[in-house]
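Report on the structure
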Amino acid sequence: MHKKLKNYQDYYRSLITLGVPIIIGQLGGIITGFADTIMVGQHSTEELAAASFVNNVINAFIILGTGFSFNLTPLIGESLARRKRIAIGTWLKNSLVANLSTTLLLLSILTLIYLNLDSMGQPAEIMPLIRPYFAISLFSIIFVMMANSFRQFVEGIANPSISMWVLLAGNLLNVAGNYLLIYGKCGLPEMGLLGAGISTLLSRIVMLGLFIAVFMRGKAYRSYRKGFALGRINTASWKKLNAIGWPIGLQQGLEAGTFCITAIMVGWIGKLELAAHQIAITVSLISFTIYLGLGAAVAIRTAYYKGAGNWEMVRKITLAGNHLALMVVAVICLMLFIARPWLGYLFTNDEEVIRIVRVIIPILMLYQLGDSIQIILTNALRGLADVNVIMIISLIANFAIAIPAGYALGFIFDFGIAGIWFSYPISFACSVIMLTIRARRQIGSHLSPDRSIALGR
């Protein structure tokens, strides 16, 4: 085993070099989410419950939109392998247009949800907190989506340190804004949860501005700017971006939608359970972000080697990504086990909420294995532009398995929030099985028979 792992050292190094800046930039966002939850939770339990509902709904659409913007990865990877830099600038220009049209659709759906908040069965006492926070969070999505095009561009050309620094700068601004606006410091009004929403909006505007400034002024991007300036916005490119982007976006949106729907179900139980759910979700985002960063590196590399026609490297990169993910799982589960007794105290002083968090943590540990591997395999296929199947797999695993299982375990069998949470590892396990079969077929079809079999080891 040690000898086999040693043979993959170069691939580990390649993925780590590319993935770590992506992970750091994304972790900055998660730390901000931690800060949001901690600051809001310390301000009031009602605001923490309101934040749980809104964030789960809004984030489902942000994740869908982020997935849509991943349409650039395979296109940039193939163009980069063929040294077509001007074409990459043209793809970026068309990506901004495609992202904008998608954003308008997402905003329309969210507006309908906003107008029907009263019919979603949430505790009446937190509705006055939910409405304004929802409205400002909705508006900030447009800046997230535009920034995502630039982010996929810099990461796709293997320059992820740019997105890392931009995200870190924006998230630090968000944390500072939270402190000032939630608690009313430095002469500013005490705005509570609404203050957190305003701070997030401002930070997202700043991040978009930084991405634009880097692209317009960076010397290394001169040839890309030429393609951006001279390239035409055209229907063919828009259709291709949509053909790749929507299956990825829907795949991620279906998974995020599962968390959104389960959050609504948790809200049916009560506000204390909803607050505990928000804490556990916030904690889970740390591991998710690490897996997603590794997955992004895998997608970038598989896209490049597909463009170069080197399928053996596609196979090795996919396996190396799985190995790294499993190593991270071991560390994450150990940390969760150690932190379980006191983790809830970081967010709230409510003893009942803390008790519920302790119930959820072992289930959170259980689903790490499936979550990590499904992200790596999904991103390997994403890099190959094999996106329609991963959308179907996500539909089955999430809407056909996770949501019915969560409802049955939570309410029919009366396991409450623990039953709802147990649906996650069930759906992830099913997803991994289906994705493994697809990856072996897709990659193995381009390899010799003995190599194709090795993909499953």
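First, a word on what this report is: a plain description of the structure on this page.

Conventions and cut-offs
Residues numbered from 1 in each chain as written. Predicted model: local features only at pLDDT ≥ 70, side-chain atom pairs only at ≥ 80, totals over all residues. Heavy atoms only, no water. Helix = DSSP H or I, 4+ residues; strand = E, 2+ residues; numbered from the N terminus. Rg over C-alpha atoms; globule rule 2.2 N^0.38 Å. Buried < 20%, exposed > 50% of the residue type's maximum accessible area, 1.4 Å probe, protein only. Areas by Shrake-Rupley, 256 points an atom, 1.4 Å probe, with all protein chains shown as cover. Lys, Arg positive; Asp, Glu negative; His and termini not counted. Charge placed at Lys NZ, Arg CZ, Asp CG, Glu CD. Core = buried A, V, L, I, M, F, W, Y, C linked by side-chain atoms within 4.5 Å. Contact = heavy atoms within 4.5 Å. Axes fitted to C-alpha atoms, helices over the stretch in contact; angles between N-to-C directions. Parallel < 35°, antiparallel > 145°, perpendicular 65-115°, else oblique. Nonpolar A, V, L, I, M, F, W, Y, C, P; charged D, E, K, R; others polar. Expected span 1.5 Å × (residues − 1). Bend = angle between axes of the 7 residues up to and from the residue. Polar contact = N/O pair within 3.5 Å; in protein donor to acceptor, adjacent residues only side chain to side chain.

Turning our eyes to something else, we now look at the overall build of the protein chain. A count of helical and extended segments in the protein chain gives 18 helices and zero strands. In terms of overall size, the protein chain behaves like a compact globule, its C-alpha atoms giving a radius of gyration of 22 Å where 457 residues would be expected to give roughly 23 Å. With the C-alpha coordinates aligned to their principal axes, the bounding extent of the protein chain is approximately 60 × 50 × 35 Å. Split into buried and exposed, the 457 residues of the protein chain put 59% on the buried side. Here the protein chain displays about 18500 Å² of accessible surface, and carbon together with sulfur accounts for 67% of that area. Charge-centre separation for the protein chain: the mean point of 35 positive side chains lies 21 Å from the mean point of 19 negative side chains.

Tracing the sequence through the fold places Trp 165 in helix H8 (residues 160-183). What makes Trp 165 exposed here is its relative accessible area of 57%. C-alpha of Trp 165 to C-alpha of Lys 271: the two residues are 106 residues apart in sequence and 37 Å apart in space.

Within the secondary structure layout, Val 206 lies in helix H9 (residues 193-217). Look at Val 206 and you get partly exposed, because its relative accessible area is 36%.

Our next topic: the nonpolar core. One finds Phe 53, Ile 58, Leu 110, Ile 130, Phe 134, Phe 153 and Trp 421 to be the most contacted residues of the largest nonpolar core, which totals 135 residues. The greatest single-element share of this core, amounting to 16 residues, is contributed by helix H12 (residues 271-307). Those residues within four positions of Phe 53 in sequence are excluded, and the remaining contacts are Leu 117, Met 120, Gln 122, Ile 130, Ile 264 and Leu 274.

Moving on, we get to unusual backbone geometry. With the exception of glycine, most residues fall at negative phi, and the peptide bonds are largely trans. A positive phi is found at Arg 83, a non-glycine position, where the angle reads about 60°. The topology assignment puts Arg 83 in the loop between helix H4 (72-81) and helix H5 (85-115).

Another aspect to go through is the packing of helix H7 (residues 141-156) against H8. Where H7 meets H8, the closest approach of the two axes is 6 Å, and the angle between their N-to-C directions is 140°. Between H7 and H8, the angle falls in the class oblique. Here Arg 151, Val 154 and Glu 155 of H7 come into contact with H8, specifically with Pro 160, Ile 162, Ser 163 and Leu 167. Residues belonging to the contact of H7 with H8 are distributed by class as follows: four nonpolar, one polar and two charged.

Working note: α-helix, 3.6 residues per turn, so residues spaced by three or four point in the same direction. Across its 35 residues, helix H11 (residues 235-269) extends 48 Å between first and last C-alpha, which sits within 8% of the 51 Å expected from 1.5 Å per residue. Of all the bends in H11, the largest measures some 30° and sits at Gly 245, one to four residues before the proline Pro 247. Measuring from the side-chain oxygen of the N-cap residue of H11 to the backbone nitrogen of Ala 236 gives 3.4 Å; that N-cap residue is Asn 234.

From the geometry alone we can't say anything about function, so treat these as descriptive.
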